[in-house]
Amino acid sequence: FSLPKSERLCGKKTIDSLFEKGDKWNCYPFRIVFWVVEDESEAPFLRFLVSVSKRNFKRAVDRNKLKRRVREAYRLNKFRLLEAVSSHSSKLKNQRLILGFLYT
């Protein structure tokens, strides 16, 4: 149950590509954006980001608390996602999954 920095999504180009090319799915109170990328590098299979809008939570303390809670829930439950994907591992060779969790 770890969450290394290499699994966190950072980099403006990758994030812009995620929102531009990724598929969106709503599951209140989140909007989930995902994108499967062909990648030959040794990067982790799964990368993600969490975003909480300033429009809904004016104080940075509240936004940061919510982001910490979402990251912790993801960290504790990511093995379920990896188990589900491992059953389709032959189809997903050399591909990476990029996820974005947006709190609406």
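Just above, that's the structure.
Residues numbered from 1 in each chain as written. Predicted model: local features only at pLDDT ≥ 70, side-chain atom pairs only at ≥ 80, totals over all residues. Heavy atoms only, no water.

Side note on a positive patch on the surface
Which entries qualify depends on this criterion: Patches were defined on residues exceeding 30% relative accessible area and lacking a salt bridge, with like-charge contacts within 9 Å and nonpolar side-chain contacts (Val, Leu, Ile, Met, Phe, Trp, Tyr) within 5 Å. All accessible areas in this document rest on Shrake-Rupley with a 1.4 Å probe, and a residue is counted as covered only by the protein chains that are shown. Counted as salt bridges are all cases of a side-chain nitrogen of Lys or Arg within 4 Å of a carboxyl oxygen of Asp or Glu. By the counting rule applied here, Lys and Arg register as positive and Asp and Glu as negative, while His and the ends of each chain are not counted. Charge coordinates come from a single atom per side chain, which is NZ of Lys, CZ of Arg, CG of Asp or CD of Glu. In this text, helices come from DSSP runs of H or I with a minimum length of four residues, and strands from runs of E with a minimum of two, each type numbered from the N-terminal end. Between buried and exposed lies partly exposed: a residue is buried under 20% and exposed over 50% of the maximum accessible area for its type, with that area taken using a 1.4 Å probe on protein chains only.
Taken together, the side chains of R59, K65, R68 and R69 present a region of like positive charge at the surface. Take K65: it is sitting in helix α2 (residues 60-86). Take K65: its relative accessible area is 37%, and that puts it in the partly exposed class.

Observations regarding the packing of aromatic side chains
Applied cut-off: Geometry of aromatic contacts follows a simple scheme: Phe, Tyr and Trp rings, the Trp one being its six-membered ring, pair when their centres are within 6.5 Å, and the pair is stacked under 30 degrees between planes, edge-to-face over 60, tilted otherwise.
Applying the stated criterion across every chain, the model contains 6 aromatic pairs. Seen from their ring centres, F30 and F101 are 6.4 Å apart, and the 75 degrees between their planes marks the pair as edge-to-face. Taken together, the positions of F30 in strand β2 (residues 30-38) and F101 in strand β4 (residues 95-103) put the pair 71 residues apart, joining distant regions of the chain. The exposure class of F101 is buried, given its relative accessible area of 16%. Relative to F101, the ring of F48 lies with its centre 6.3 Å away and its plane at 70 degrees, an arrangement referred to as edge-to-face. Pair noted here: F48 is in strand β3 (residues 46-52) and F101 is in strand β4, with a separation of 53 residues, a long-range link. For F48, a relative accessible area of 2% gives the class buried.

What about unusual backbone geometry?
A cis amide bond links Y28 with the next residue in sequence, P29, at an omega value of 5 degrees. Relative to the assigned elements, P29 resides in the loop between β1 (23-27) and β2.

Points about the layout of surface pockets
Put simply, the rule reads: Site definitions follow a grid-based scheme: protein atoms alone, a 1 Å grid, a 1.4 Å probe that fits but cannot get out for cavities, and for pockets an open set with protein on both sides within 12 Å along at least five of seven lines, plus lining residues having an atom within 4 Å of a point. Grid points are joined across faces, edges and corners, and a volume is the space filled by probe spheres set on the points. For this scheme, ten residues count as nonpolar: Ala, Val, Leu, Ile, Met, Phe, Trp, Tyr, Cys and Pro. Four count as charged, namely Asp, Glu, Lys and Arg, and the remainder, Gly too, count as polar.
Size it by volume and the largest pocket reaches roughly 290 Å³. Along its surface, the largest pocket is lined by 13 residues, and I32, Y74, L81, L99 and F101 are the ones closest to its centre. Elements supplying a minimum of two residues to the lining of the largest pocket: β2, α2 and β4. Considering every element that reaches the lining of the largest pocket, the biggest residue donor is α2, with 6 residues. Its residues assigned to classes, the lining of the largest pocket comprises 11 nonpolar, 1 polar and 1 charged. Space inside the second largest pocket adds up to approximately 160 Å³. Residue lining of the second largest pocket: K5, R8, L9, C10, I15, F48, L49, V50, K67 and R71, and that is the complete set. Residue composition of the lining of the second largest pocket, by class: 6 nonpolar, no polar and 4 charged.

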